[in-house]
Amino acid sequence: MIFEAILEDGIFRFDCSTDDRLAAFPSLSFVDPQTREVPIKSSRVPEYVPSFEAKCGQQNVIIQLPTGSNFYGTGEVSGPLERTGRRIFTWNSDAWGYGPGTTSLYQSHPWVLALLPDGKALGVLADTTRRCEVDLREESTIRFAASVSYPIITFGPFESPTEVLTRLSRAIGTVFMPPKWSLGYHQCRWSYDSDKRVLKLWAKTFPYHEFYLCRLLKHFDKSMPCDVIWMDIDYMDGFKCFTFHKERFPDPNSLFDELHSRGFNAIWMLDPGIKHEPGYFVYDSGCENDVWILKEDQKPFVGDVWPGPCVFPDYTREETRVWWAKLVRDFIPNGVDGIWNDMNEPAVFKVATKTMPESNIHRGDAELGGRQNHSHYHNVYGMLMARSTYEGMKMSSGKKRPFVLTRAGFIGSQRYAATWTGDNLANWEHLHMSISMVLQLSLSGQPLSGPDIGGFAGNASPKLFGRWMGIGAMFPFSRGHSETKTVDHEPWSFGEECEEICRLALLRRYRLIPHIYTLFYMAHTKGTPVLAPTLFADSKDPRLRSVENSFLMGPLLICTSTVPEKGSDELQFVLPKGIWLRFDFCDSHPDLPILYLQGGSIIPMGPAIQHVGEANRTDELSLMIALDENGRAEGVLFEDDGDGYDFIRGEYLLTYYVAELHSSSVTVKVSRAEGSLERPKRALHVQLLLGGGAMIHARGNDGEEIKFPMPSKAEVSELVAEGEEQYRTLIENARRIPDIDYASEKKGVEVTRTPVKMERGDWVLEVVPWIGGRLISMVHSPSGSQWLASREDFGGYEEYGGAEYRSAGCSEEYTVIRVSGYGRGYWGGLTLKRRISIPKEDPKVFRIESSIVARSVGAGSGGFSRLMCLRVHPSFALLHPAEVYISFTSLDGEKREVWPESGEKFLDGNLRPNVEAVDPCAGVELVNRFDVSQVERCMIHWGSGTVNMELWSEERPVSKVTPLGISHEYEVKQLT
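Since this is a predicted model, take the numbers as computed values, not measurements.

About the criteria used
- Residues numbered from 1 in each chain as written.
- Predicted model: local features only at pLDDT ≥ 70, side-chain atom pairs only at ≥ 80, totals over all residues.
- Heavy atoms only, no water.
- Core = buried A, V, L, I, M, F, W, Y, C linked by side-chain atoms within 4.5 Å.
- Buried < 20%, exposed > 50% of the residue type's maximum accessible area, 1.4 Å probe, protein only.
- Helix = DSSP H or I, 4+ residues; strand = E, 2+ residues; numbered from the N terminus.
- Patch = residues over 30% accessible without salt bridge, like charges linked within 9 Å, V, L, I, M, F, W, Y side chains within 5 Å.
- Areas by Shrake-Rupley, 256 points an atom, 1.4 Å probe, with all protein chains shown as cover.
- Salt bridge = Lys/Arg side-chain N within 4 Å of Asp/Glu carboxyl O.
- pLDDT = per-residue confidence, 0-100.
- Contact = heavy atoms within 4.5 Å.
- Arc of directions from axis to C-beta.
- Pairing = 2+ DSSP bridges.
- Phe/Tyr/Trp six-rings, centres within 6.5 Å; stacked < 30°, edge-to-face > 60°.
- Expected span 1.5 Å × (residues − 1).
- Bend = angle between axes of the 7 residues up to and from the residue.

**Some thoughts on the nonpolar core**
Phe155, Tyr235, Trp268, Trp324, Phe403 and Phe583 are the most contacted members of the largest nonpolar core, which has 177 residues in total. When residues in this core are grouped by element, the largest group, 15 residues, is from helix 13 (residues 496–526). Listed in part, the 41 residues of the second largest apolar core include Val767, Val932, Val958 and Leu964.

As structure tokens, then:
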């Protein structure tokens, strides 16, 4: 192993050997790849040194950290915030319908942020574009495994995780500076399929830019704040990029003019798949310029996507990137304010891998790695497409900042594009995961991200949508989006109570845009995060390391509930140590997050707008202030014209405010300012927080000193009590969103929670349709034994659609198919079906036939699902836990027994059994018979008074003609 310092003190590059260093490919993550290659002099030596092993063409790396270290990062990943115990694979995948156990999503970030026991932080980057295993399953141990030689880059340890992220940004680049309009709310759907439908949104929304505010608030009482409307793939002519449908979008320029006259911006989709159609100008131009990815036989690769047979640009070549950028440049004048790059993993239909063959050929630039097969460039394909799109938008107009959204990406993509968390599900599990997913991206260098608010796939309930909007309005990128054939998912689509919550949530966002825009300026210039986990407030506090229901936006702490039956007012949040003062905008509600400001902080805000008559209050700036224990607070505000690049040339205003308590008065003033932009003449509204939501107000002019008296301790106590009472009143009088759940297929259909009893022969079964036909009771009448450990919403007999426990679909809403069979939606065209029967000819047994079937295809699935594994998961109750054992004869003919002390056991190959659970004390055994050809492995897991006897199918994609199924039956026998 060899190492050297690079970039700056505390950053080290490690290689397996000198030969491996020379063999490593150029960096595509570094903003300047040469900085990875040039050593510097450093006074520091690395505290944590990785060990390397090169074996069979694969390089394995292990870094051992102190016991008690916690892991974060790993980019776009599902599941919990704290990554210890998890493993992922960096392989950009069309992961439609992903769950908490999905191991590869749309983007790749071979990066781990480690928080050490003493509060210091260390960052570790495996700088490879290849498929990489990131294994954190062993405590305090980081493992990477990927093919060919690659360096490991370590950052730190530094005093705080923020310092690690700022150092990382110096290596991989900071986020592009977004245009200010892009920080508003975005409304999207697959699809607003005509210009008429797009314009109908005007009746329900209004843009909130200052320029349009005064004349467009005439609809304020019923309208929803919104700045951006999105056009999905149906605007195209036959799904062909750079075209418009002649009937649905006959005049895009007129639509553009209409939207702009009303203050809206428009974003349009572009996919990489170009239809293989001679005569189509993009295809002809691409052939003329020789831009396509090739097969091994040197002919262009053709794969099916939305338009049908498609060819794919090779963005690893400069000639192709320039060709694509010119197409984008010429596309912009049609009324394009931003571009949405989708399907760029790249996704390919009608193949099990859901992407192109790894043997395809890229003729890459030498500085990127040269001519390589697709396995080398797969993970950076989406980033290079986003780069080309970004450069094309810059080429169109140097006076406007590009806005690009990309689905696929790599560490470093933030230089060119925002991202979203892909095709999520409309359920509470995905609402909860959206917080950790946005935070993980932030911790991996991508601060501009957000989920599809309300869930892309499936039908949100009013309560779910309202709660999601309350949280989503606080994310850096705030967009509502939903799939075709779902119910309407606009903020006004779920009844008056939900609509009001959405309006309040978005008005909060717009008041905070000056603060959010300032945070993005800091992220762009310094690499600091816009959103961060609560642990960033005090990295030494172990209480904060697994907190997932709150997060920081600068010094603003946002606490929320993702628990369906409890609002934010009913939870006890873990607050960091120190002063944290609650506040609201007279809008507190159980379905909205609770806001706290850290002592010592000032955040800038837009003006309060309570009614149409105040619409011209755009000449006012508000400062929210929380003093620290020394009676002092500081804050900063960045301002420019909201677009363009004049801020680079100094045409901006960066104002530092300070508030100080001296004796019995508070003084608020500008401590210093930077930039050549003239300060606007405007009123300044100061709001000093006292605690309990109480505040005192003072007004003056921005740039001038404002001085006002501080109430006495007795007066403060009285004001705090009044603030607490006002908060309680708001919560008590809040209009609650009705607790209505929609079944997965039909709006408004409620599925019963009342158990259905099935009784015949030896068996009495109880099934709850509401949770997908979950068996909650399994009584054998002759022996009187109850075999299931269950309650209504957990345990009993369950199935999952993945090898990871509780993976995608496990918490979906369900639909009764018929009395003897129950199914649940796995959005994406997949349904988990279960048929339960007690046959007349043999009433001593009951049978369960389970299957995952493809009923219809979802967005981007191309006829195949992602990898699925049907996992039958029954939890059996043990009357005599110490005496029960599992007995079976395996396929190799051996008689075997498994006792509780043996722990968890996997049985595959010739060890697969037909299992019997034997209770000698009760004198009975439960026999589980199944078709061995359908079962790839079995698992036996002993719990406290329970045993799980699981059956797993093979793991593979599912299509209409290739379902997954397991058929098995149970019988109770008396012991002889």
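**Some details on a nonpolar patch on the surface**
A contiguous nonpolar surface patch, about 270 Å² in accessible area, is contributed by Met1, Phe3 and Val49. By secondary structure assignment, the location of Met1 is in the segment before strand 1 (2–5). Under the relative-accessibility criterion, Met1 is labelled partly exposed at 44%.

**Examining the pattern of salt bridges**
For side chains bearing opposite charge, pairing can occur when the charged atoms are close. Considering all chains together, one arrives at 57 salt bridges under this definition. Two residues, Arg467 and Asp591, come together in a salt bridge whose shortest N-O distance is 2.8 Å. Residue Arg467 is found in helix 12 (residues 462–472), and its partner Asp591 is found in the loop between strand 33 (580–583) and strand 34 (594–598); the two are separated by 124 residues along the sequence. By relative accessible area, which is 2% here, Arg467 ends up buried. A single network of salt bridges, built from pairs that share partners, joins Glu4, Arg13, Asp15, Arg21, Arg36, Glu37 and Asp127.

**Let's talk about the confidence of the model for the protein chain**
For the protein chain, the mean per-residue pLDDT works out to 88, and 88% of the residues sit at or above 70. With pLDDT under 50 throughout, residues 209–221 is counted as low confidence; its partners more than four residues away or in other chains account for 36 contacts. In this model, residues 803–828 is a region of pLDDT below 50 whose contacts with residues beyond four sequence positions or in other chains number 112 contacts.

**Observations regarding helix 7 (residues 281–289)**
The complete set of buried residues in helix 7 reads Val282, Tyr283 and Gly286. The arc that holds every buried residue of helix 7, seen down its axis, measures 100 degrees, which confines them to one face. Positioned one or two residues after helix 7, Asp290 has a phi angle of 55 degrees, which is positive.

**A word on the pairing of strand 12 (residues 152–158)**
For strand 12, a buried count of seven out of seven residues is recorded, marking the element as mostly surrounded by other parts of the structure. The pairing of strand 2 (residues 11–15) with strand 12 spans four bridges and is antiparallel. When the sheet's bridge partners are listed, Arg13 is paired in strand 12 with Ile153. Strand direction decides the pairing type here: strand 9 (residues 121–126) and strand 12, joined by five bridges, are antiparallel. In the strand pairing of strand 12, Leu125 is matched with Ile153.

**Brief notes about the packing of aromatic side chains**
Scanning the model with the defined rule gives 43 aromatic pairs in all. Centroid distance Phe403 to Phe477: 6.2 Å. Interplanar angle 35 degrees. Geometry classified as tilted. With Phe403 in the loop between helix 10 (381–396) and strand 24 (404–406) and Phe477 in the loop between helix 12 and strand 29 (478–480), this residue pair connects regions lying 74 residues apart in the sequence. Taking relative accessible area as the criterion, Phe403 reaches 0% and is therefore assigned buried.

**Overview of helix 13**
With 31 residues, helix 13 ought to run about 45 Å at 1.5 Å a step, and its terminal C-alpha atoms sit 43 Å apart, in line with that. Along helix 13, the largest kink reaches about 55 degrees and is centred on Leu512; proline Pro514 follows within four residues of it. Most of helix 13 is tucked away: 24 of the 31 residues are buried. At the exit of helix 13 stands Gly527, carrying a positive phi of roughly 85 degrees.

**A short note on unusual backbone geometry**
Here the bond from Gly156 into Pro157 is cis, since omega is 10 degrees, no more than 30 degrees from zero. Tracing the sequence through the fold places Pro157 in strand 12. With an omega dihedral of 15 degrees, the bond running from Trp190 to Ser191 counts as a cis peptide bond. Despite not being glycine, Cys56 shows a phi value in the positive range, around 55 degrees. Within the secondary structure, Cys56 is located in the loop between strand 3 (51–55) and strand 4 (58–64).

**Side note on the pairing of strand 39 (residues 665–674)**
With nine bridges joining them, strand 38 (residues 653–662) and strand 39 adopt antiparallel strand pairing. Bridge pairing in strand 39 places Glu660 opposite Thr667. In this antiparallel pair of consecutive strands, strand 38 and strand 39, the connection spans two residues, and Ser663 shows a positive phi of 60 degrees.

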